Amino acid sequence: MRHPGEIAVQRRAGVRGEDRGSSRTRPEIPDVAAAFLREQHLLVAGAADDRGRFWAGAMTGPPGFASPEDDRTIVVHALPGPPLDGLFARERAIGLLAIEPHTRRRMRVNGTAVQAGDALVVWTEQVYSNCPKYIQTREPTTEPAGTPARLGGGTTLLARHQEWIGTADTFFIATGVEGLGADVSHRGGNPGFVQVTGQASLVFPDYAGNSMYMTLGNLELNPAAGLLFVDWERGETLHLTGRAQVDWDPGDVPGAQRLVRFELNEYVHVAGTVAPGWTAPGYHRFNPPVPGDASRTSGERTARR
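Along every chain, residues carry numbers that run from 1 in the direction the sequence is written. Where local features are concerned, this predicted model is filtered to residues with pLDDT of at least 70; where side-chain atom pairs are given and counted, the filter is 80 or more; whole-chain, interface and lining totals use all residues. Here the side-chain values reflect all heavy atoms present in the structure, with hydrogen atoms and water set aside.

Novice: Is there a simple way to explain the layout of surface pockets in this structure?
Specialist: The rule is simple: put a 1 Å grid over the protein atoms alone, call a set of points where a 1.4 Å probe fits but cannot get out a cavity, call an open set with protein on both sides within 12 Å along at least five of seven lines a pocket, and count a residue as lining if it has an atom within 4 Å of a point. Grid points are joined across faces, edges and corners, and a volume is the space filled by probe spheres set on the points. In this structure, the second largest pocket spans a volume of roughly 360 Å³. Looking at the second largest pocket, it is lined by 19 residues, and the ones nearest its centre are Ser-22, Glu-125, Gln-126, Leu-180 and Gly-181. Each helix is a run of H or I in the DSSP string that is no shorter than four residues. Each strand is a run of E no shorter than two, and both are numbered from the N terminus. For the lining of the second largest pocket, the secondary-structure elements that each account for two or more residues are β6 (105-116), β7 (119-129), β10 (181-188) and α4 (214-221). Looking at the lining of the second largest pocket, its residues break down into five nonpolar, 11 polar and three charged. Residue type decides the class: Asp, Glu, Lys and Arg count as charged, Ala, Val, Leu, Ile, Met, Phe, Trp, Tyr, Cys and Pro as nonpolar, and the leftover types, Gly among them, as polar.

And the structure:
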């Protein structure tokens, strides 16, 4: 079945073809994807809570902690921390993203999941890979320390959170539609590509991608969204939940085909989610410029720490 939200977005974007979007995915895990999963130590998960609010979070472990048991089942030997903790006491829709920043490889798995002791069992419905565009290269230099713990939360962003978002080069977005499943996707660009427009609002560009429009297709039917920002130096994460709307006028934002405007309902700040002390990023050569980028050269660039 084709996703009606994806169809609507594709038509408005001028994309034609029956093989675009979630209809081109398959539920089985190919052997190459299974091998890739077994090598990973970072997964991003997205799901809706019992109030219908979407959240994105991270799970980490040594290579092999995400283990495909057959061509439709993955056992993750870890559980999501706050704010996704406890959600999978009963089976619910989940979006998973396995991402390996230093090689710019990523794959997505959408399906359902339930907690089984200290593990998460995932049954796949959609399995597919994505291109390496806009992924910044970086590698962890330490292991995650301790158990994830909440540092705070609220309904308006503090100054430090606004700075964090405004200087980010990467974030993740979780979306979904009842009956059509959940999804989590990567977004990247040069620092400053996400603009904080208020204490509870931000906007980011939608760059040219694979034209599947799975995120925007979900937003077409359900504006609920969860954003995840990672502090790669401290190993902390910032989780936002709210509502997102597509603005089809990109204005003068370089490289933007459209904009996405996000209004915050609540945020959670968590420590100990991922390993601290990642290497400095290498920015993707296709990242469009942002204000203040004039001194940067095209191609691969390394940020100062």
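So, next bit.
Novice: Which parts of the structure should I look at to understand the sheet that holds strand β4 (residues 73-76)?
Specialist: Hydrogen bonding along the main chain pairs the strands of a sheet, whether they run parallel or antiparallel. DSSP-based pairing: two strands are paired if at least 2 bridges between them are found. Within the open sheet, the seven strands sit side by side as β2-β1-β5-β6-β7-β4-β3. Their pairing is antiparallel. Of all strands in the sheet, those with a lone pairing partner are β2 (54-60) and β3 (66-70), marking the two edges. For this sheet, the mean inter-axis angle between neighbouring strands, taken without regard to orientation, is 35°. Sheet analysis places β6 next to β7, joined by 10 bridges and oriented antiparallel. Residue pairing for β7: Met-107 is matched across the bridge by Ser-129. Contacts are residue-level and defined by heavy atoms, with any inter-residue pair within 4.5 Å sufficient. A fitted line through C-alpha atoms serves as each axis, taken over the contacting stretch for helices, and the angle formed by two N-to-C directions is quoted from 0 to 180°. Running over the sheet, helix α2 (residues 31-39) touches β1 (42-48), β3, β4, β5 (92-100) and β6 and is turned about 75° from β6.

Novice: What's the story with unusual backbone geometry in this structure? I'm lost.
Specialist: Negative phi is the rule for most residues except glycine; trans is the rule for most peptide bonds. Each neighbour pair has its own omega, and for Pro-82 with Pro-83 the value is 0°, a cis peptide bond. Along the polypeptide, Pro-83 turns up in the loop between β4 and β5. The phi angle at Tyr-134 is positive, at roughly 70°, despite the residue not being glycine. Tracing the chain through its elements places Tyr-134 in the loop between β7 and β8 (149-154).

Novice: What is the right way to look at helix α1 (residues 4-13) in this model?
Specialist: Spacing of three or four residues puts side chains on the same side of an α-helix, whose turn is 3.6 residues. Think of it in three bands: with a 1.4 Å probe and only protein chains considered, a residue is buried below 20% of the maximum accessible area for its type, exposed above 50%, and partly exposed in between. Those residues of α1 lying buried are Gly-5, Glu-6, Ile-7, Val-9 and Gln-10. On its buried side, α1 packs onto α4. A positive backbone phi angle near 80° is found at Gly-14, which sits one or two residues after α1.

Novice: Quick question: what am I supposed to make of the packing of aromatic side chains here?
Specialist: A ring pair, where both rings are aromatic, is described by two values, the distance of the centres and the angle of the planes. Under the pairing criterion, centres of Phe, Tyr and Trp rings, with the six-membered ring standing for Trp, must be within 6.5 Å; the plane angle then separates stacked pairs below 30 degrees from edge-to-face pairs above 60, leaving the rest tilted. Inspection of every chain in the model, using the stated rule, returns six aromatic pairs. Ring centres of Phe-171 and Phe-229 lie 5.2 Å apart, and the angle between their planes is 25°; this geometry places the pair in the stacked category. Of this pair, Phe-171 sits in strand β9 (residues 170-177) while Phe-229 sits in strand β13 (residues 224-231), and the two are 58 residues apart along the sequence. Residue Phe-229 is classed as buried on the basis of its relative accessible area of 0%. Pairing Trp-232 with Trp-278 gives two aromatic rings, centres 4.7 Å apart and planes at 65°, and the pair type is edge-to-face. Of this pair, Trp-232 sits in the loop between β13 and β14 (236-247) while Trp-278 sits in the loop between β15 (258-271) and β16 (282-283); the two residues are 46 residues apart in sequence, bridging distant segments of the chain. Judged on exposure class, the residue Trp-232 and its partner Trp-278 are both buried. An aromatic cluster of at least three residues, connected via ring pairs, comprises Tyr-134, Phe-171, Phe-193, Phe-204, Tyr-207 and Phe-229.

Novice: Before we go on, may I ask you to explain the pattern of salt bridges in this structure?
Specialist: Side-chain pairs of opposite charge can arise whenever the charged atoms involved come near each other. When a carboxyl oxygen of Asp or Glu lies within 4 Å of a side-chain nitrogen of Lys or Arg, that pair is called a salt bridge. The tally for this structure, following the rule as stated, stands at 13 salt bridges. For Arg-105, the salt bridge is made with Glu-39, and the minimal N-O distance between the two is 3.3 Å. With Arg-105 in strand β6 and Glu-39 in helix α2, the pair connects residues that are 66 residues apart, well separated along the chain. Judged by its relative accessible area of 42%, Glu-39 is partly exposed. Across the pair Asp-247 and Arg-261 runs a salt bridge whose closest N-O atoms are separated by 3.1 Å. Of this pair, Asp-247 sits in strand β14 while Arg-261 sits in strand β15; the two residues are 14 residues apart in sequence, bridging distant segments of the chain. Using a relative accessible area of 23% as the deciding quantity, one classes Asp-247 as partly exposed. By sharing partners, the salt bridges in this structure join Glu-39, Glu-100 and Arg-105 into a single network.

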